[in-house]
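Structure assessment
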Amino acid sequence: MDFKFAHNNFNVLDLEKSLSFYKEALNLKEARRMDGPDFTLVFLSDGKTPHLLELTYLKNRQEKYNLGDNESHLAFAVSNTEEAYRHHKAMNCICYENKAMGIYFISDPDGYWIEIIPA
C-alpha cells in the first residue's frame, strides 16, 4: 500500500469570508468545488504542492465550531518571513508569536490557527 497526504479540512461558518481570508493571507486559490443541497466543499491550493485545504460549509449551521484547545494546526513555510509578518500584522490576524523560534501563528475567521515558519 502507498499512502500520501491529500488534504486537511476546516469547517467554516462564512464561506465567502473564509475564501477571502485565505486568498489575502496565504495566496490560496480555489482548485475545485463540490456543491450539495446542504453543504459546499471548496478545495484550496497553493499552486506549488499537491496538498489541499478543504473548507466545508454546512449551509444550515449557525453556531460556532468548538475548536477545543486549538492544538491542531496547519503550517506554511514562507520565503520572506519579515514581509509575511508585516502583511499579517496589517491584516490583524496574528494570534501568537514565538520570536525565539522565528515563528508565529495567524488565526482565520473561524479561529483556526495557522503556523508561519521560515522556508
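The structure under discussion appears in the preceding block.
The notes below deal with the structure included here. (Residues numbered from 1 in each chain as written. Predicted model: local features only at pLDDT ≥ 70, side-chain atom pairs only at ≥ 80, totals over all residues. Heavy atoms only, no water.)

A closer look at the overall build of the chain
Condition: Helix and strand assignments follow DSSP, with helices taken as H or I runs no shorter than four residues and strands as E runs no shorter than two, numbered in order from the N terminus. All radius of gyration figures rest on C-alpha atoms, and the globule criterion is 2.2 Å times the number of residues raised to 0.38. Whether two residues are in contact is decided by their heavy atoms: any pair within 4.5 Å suffices. Reported accessibility uses the Shrake-Rupley method at a 1.4 Å probe radius. Residues are deemed covered only where the shown protein chains occlude them. The convention is simple: Lys and Arg are positive, Asp and Glu are negative, and His and the chain ends are not counted. Taken as the charge centre is NZ of Lys, CZ of Arg, CG of Asp or CD of Glu, depending on the residue.
Counting secondary structure elements, the chain contains two helices and eight strands. Helices and strands in the chain line up, N terminus first, as β-α-β-β-β-β-α-β-β-β. Against the compact-globule benchmark of 14 Å for 119 residues, the chain has a radius of gyration of 15 Å, which places it among compact chains. Expressed as lengths along the three principal axes of its C-alpha atoms, the size of the chain is roughly 45 × 40 × 25 Å. Taking the intrachain contacts of the chain between residues at least 6 apart in sequence as the baseline, contacts between residues at least 24 apart amount to 49%. Put simply, the chain shows about 7,900 Å² of open surface, and 51% of that area lies on carbon and sulfur atoms. Positive and negative side-chain charges in the chain, numbering 13 and 18 respectively, have mean positions lying 4 Å apart.

Observations concerning the nonpolar core
It is characteristic of soluble globular proteins that their nonpolar side chains tend to be buried jointly. Condition: Within this scheme, the nonpolar core is defined by two criteria: the residues are buried Ala, Val, Leu, Ile, Met, Phe, Trp, Tyr or Cys, and they are joined through side-chain atoms within 4.5 Å. Exposure classes here rest on a 1.4 Å probe applied to the protein chains alone. A residue is buried below 20% of its type maximum, exposed above 50%, and partly exposed in between.
Y22, L26, L55 and I106 are the most contacted members of the largest nonpolar core, which totals 24 residues. When contributions to this core are tallied by element, the ones reaching two or more residues are β1 (7–12), α1 (15–26), β3 (39–45), β4 (52–58), β5 (74–78), α2 (81–91), β7 (103–107) and β8 (113–118). Contact partners of I106, with chain neighbours within four places excluded, come to F21, A25, L26, H88, C93, I94, C95, Y112, W113, I114 and I116.

Notes on unusual backbone geometry
With phi around 60°, N27 is a residue other than glycine that occupies positive phi space. Among the secondary structure elements, N27 is positioned in the loop between α1 and β2 (29–35). For N27, a relative accessible area of 45% corresponds to the partly exposed category.

A closer look at the side chain of S45
So the rule is basically this: Nitrogen and oxygen atoms within 3.5 Å of one another constitute a polar contact, given that in protein one can donate a hydrogen and the other can accept it, and given that sequence-neighbouring residues count only through two side-chain atoms.
When you line up the elements, S45 lands in strand β3. Using a relative accessible area of 16% as the deciding quantity, one classes S45 as buried. At a separation of 2.9 Å, a polar atom in the side chain of S45 contacts the main-chain amide nitrogen of G47. Apart from the residues within four sequence positions on either side, S45 is in contact with N27, L28, K29, A31 and L52.

A look at the packing of aromatic side chains
Definition in use: When two rings of Phe, Tyr or Trp (its six-membered ring) have centres within 6.5 Å they constitute a pair, described as stacked for plane angles under 30 degrees, edge-to-face for angles over 60, and tilted for the intermediate range. Throughout this description, the term charge over a ring refers to an Arg CZ or Lys NZ atom that lies within 6 Å of the ring centre and within 35 degrees of the ring normal.
Under the criterion given, the structure shown has six aromatic pairs. Taken together, a centroid distance of 5.3 Å and an interplanar angle of 90° make the contact between Y85 and Y104 edge-to-face. Taken together, the residues span a long stretch of sequence, with Y85 in helix α2 and Y104 in strand β7 at a distance of 19 residues. An angle of 50° between the planes, with centres 5.4 Å apart, marks the rings of F105 and W113 as tilted. The buried category is assigned to F105, whose relative accessible area is 9%. Clustering of aromatic rings is evident, with ring pairs tying together Y96, F105 and W113. For R32, the ring lying beneath its charged end belongs to F43, and the centroid distance is 4.1 Å. Across from the ring centre of Y65, 3.9 Å away, lies the NZ or CZ of R61, which sits over that ring.

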